[in-house]
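Architecture and fold: a report
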Amino acid sequence: MSHVQDALVLTPSRRRVWTRLAVAAVPVVTATIGIWVKAGPVAGLIAGALFAVMVVLLLLHTHRSSIVLTPYEFIEKGLGFQRRRPRGRIARLVRANVVVPRSGANETLYVLDADNDVVIRLYGANYTSQDMDRLVEALAVPCEGPDRPVTYAELARTHPHVLSWVERHPVLMSLAILGVLLLLLAVFVLSMLLLDMTGYV
């Protein structure tokens, strides 16, 4: 966190990023080894390459990410995007520690306008609680939210206007993701079979 010409600038905590990466690496590496053993070296190398690309993208996103609060604007920057909102549009905040299955609790800050529409949404997974405290204090607008970790379903009961359709329908989203994963798996297996058949021709 730093101040530049009366602007509050927050950058991701590298410690948090590396911790999340280390935690995610264990199942991914295990799955890659499993693919190598069951489907062969080519499939294992492809899985490993995909994992390496994900790591590089995450590190690039972390390097480019920041939250900038000026007297006139609220700016969120990331890899390939920049969201700018007039600070005068910000009327209040909802701050929640949302529990995500298999990912733990992640702090989220919903920035709302006078009509309770979400102006911008910040995932605090890569930022420290102290940095989020500074941001809330600097915004100087009313802030509310549950005083304990909650699920999206629990948050939907008290603050439904801050959640997206996906978050209000987690079961349907999970089924959709499962369907996509099964489709990708089927395409991958079919590709391997075609490669094997081609090799024997």
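Procedures and definitions
- Residues numbered from 1 in each chain as written.
- Predicted model: local features only at pLDDT ≥ 70, side-chain atom pairs only at ≥ 80, totals over all residues.
- Heavy atoms only, no water.
- Helix = DSSP H or I, 4+ residues; strand = E, 2+ residues; numbered from the N terminus.
- Expected span 1.5 Å × (residues − 1).
- Buried < 20%, exposed > 50% of the residue type's maximum accessible area, 1.4 Å probe, protein only.
- Polar contact = N/O pair within 3.5 Å; in protein donor to acceptor, adjacent residues only side chain to side chain.
- Core = buried A, V, L, I, M, F, W, Y, C linked by side-chain atoms within 4.5 Å.
- Salt bridge = Lys/Arg side-chain N within 4 Å of Asp/Glu carboxyl O.
- Pairing = 2+ DSSP bridges.
- pLDDT = per-residue confidence, 0-100.
- Contact = heavy atoms within 4.5 Å.
- Patch = residues over 30% accessible without salt bridge, like charges linked within 9 Å, V, L, I, M, F, W, Y side chains within 5 Å.
- Areas by Shrake-Rupley, 256 points an atom, 1.4 Å probe, with all protein chains shown as cover.
- Arc of directions from axis to C-beta.

Here helix α2 (residues 41-64) is 24 residues long and its end C-alpha atoms lie 34 Å apart, about the 34 Å a rise of 1.5 Å per residue gives. Residues of α2 that are buried: Ala43, Gly44, Ala47, Val55 and Thr62.

The next thing to look at is the side chain of Arg95. Note that Arg95 resides in strand β6 (residues 92-100). Only 2.8 Å separates the side chain of Arg95 from the side chain of Asp133, close enough to count as a polar contact.

Turning to the nonpolar core, a few remarks are in order. Core analysis: the biggest nonpolar cluster contains 18 residues, and Phe74, Leu93, Leu109, Val111, Leu135 and Leu139 have the highest contact counts within it. The leading source of residues in this core is helix α3 (residues 129-139), at four residues. Formed by eleven residues, the second largest nonpolar core is a distinct cluster that contains Ala96, Val98, Leu112 and Tyr152.

One non-glycine residue, Asn116, adopts positive backbone phi at about 70 degrees. Following the sequence through the fold, Asn116 ends up in the loop between β7 (104-112) and β8 (118-123). The backbone of Ala140 shows a phi angle near 55 degrees, a positive value even though the residue is not glycine.

What follows covers the pattern of salt bridges. Applying the stated criterion across every chain yields a total of eight salt bridges. With its nearest N and O atoms 3.6 Å apart, the salt bridge here joins Arg148 to Glu154. Overall, Arg148 belongs to the partly exposed group, its relative accessible area being 44%. The structure contains a network of salt bridges with shared partners spanning Arg95, Glu107 and Asp133.

Of note, Arg134 is situated in helix α3. Counting along the chain gives 126 residues from Arg134 to Leu8, while the straight-line C-alpha distance between them is 8.7 Å.

All right, on to the pairing of strand β4 (residues 73-78) then. Bridge count between strand β3 (residues 66-69) and β4: four bridges; the pairing is antiparallel. Across the sheet, the residue bridging to Ser66 is Lys77, located in β4. Two successive antiparallel strands, β3 and β4, enclose a turn made up of three residues. Bridge analysis of β4 against strand β5 (residues 81-86) gives six bridges, and the strand direction is antiparallel. Each residue of the ladder has a partner; that of Gly78, found in β5, is Phe81. Turn length for the β4-β5 hairpin, with the two strands adjacent in sequence and antiparallel, is two residues, and the turn residue Gly80 shows positive phi of about 80 degrees.

Attention now moves to the confidence of the model for the protein chain. When the pLDDT values of the protein chain are averaged, the result is 79; 83% of them are 70 or greater. Taken element by element, the predicted model of the protein chain shows its lowest mean pLDDT in strand β1 (residues 2-4) (46) and its highest in strand β9 (residues 143-144) (92). Taken together, the stretch residues 1-5 has pLDDT below 50 and engages in eleven contacts with residues farther than four places along the chain or on a different chain.

The next point concerns a nonpolar patch on the surface. Together, Leu172, Leu175, Leu178, Leu182, Leu185, Val189 and Leu193 line one region of the surface with nonpolar side chains, adding up to about 650 Å² of accessible area. Structurally, Leu175 is set in helix α6 (residues 170-200).

With that settled, consider the environment of Gly124. If you trace the backbone, Gly124 turns up in the loop between β8 and α3. Judged by relative accessible area, which is 2%, Gly124 ranks as buried.

Attention now moves to α3. Along α3, the positions that sit buried rather than exposed are Asp131, Met132, Leu135, Val136 and Leu139. Across the axial projection of α3, the buried residues extend over an arc of 140 degrees, all falling on one side. Two residues or fewer after α3 comes Ala140, characterised by a positive phi angle close to 55 degrees.

Considering the arrangement of structural elements, one finds Glu76 in strand β4. Residue classification places Glu76 among the buried positions, given a relative accessible area of 12%. Among residues more than four places away in sequence, those in contact with Glu76 are Ser66, Phe81, Gln82, Arg83, Ile120, Arg121 and Leu122.

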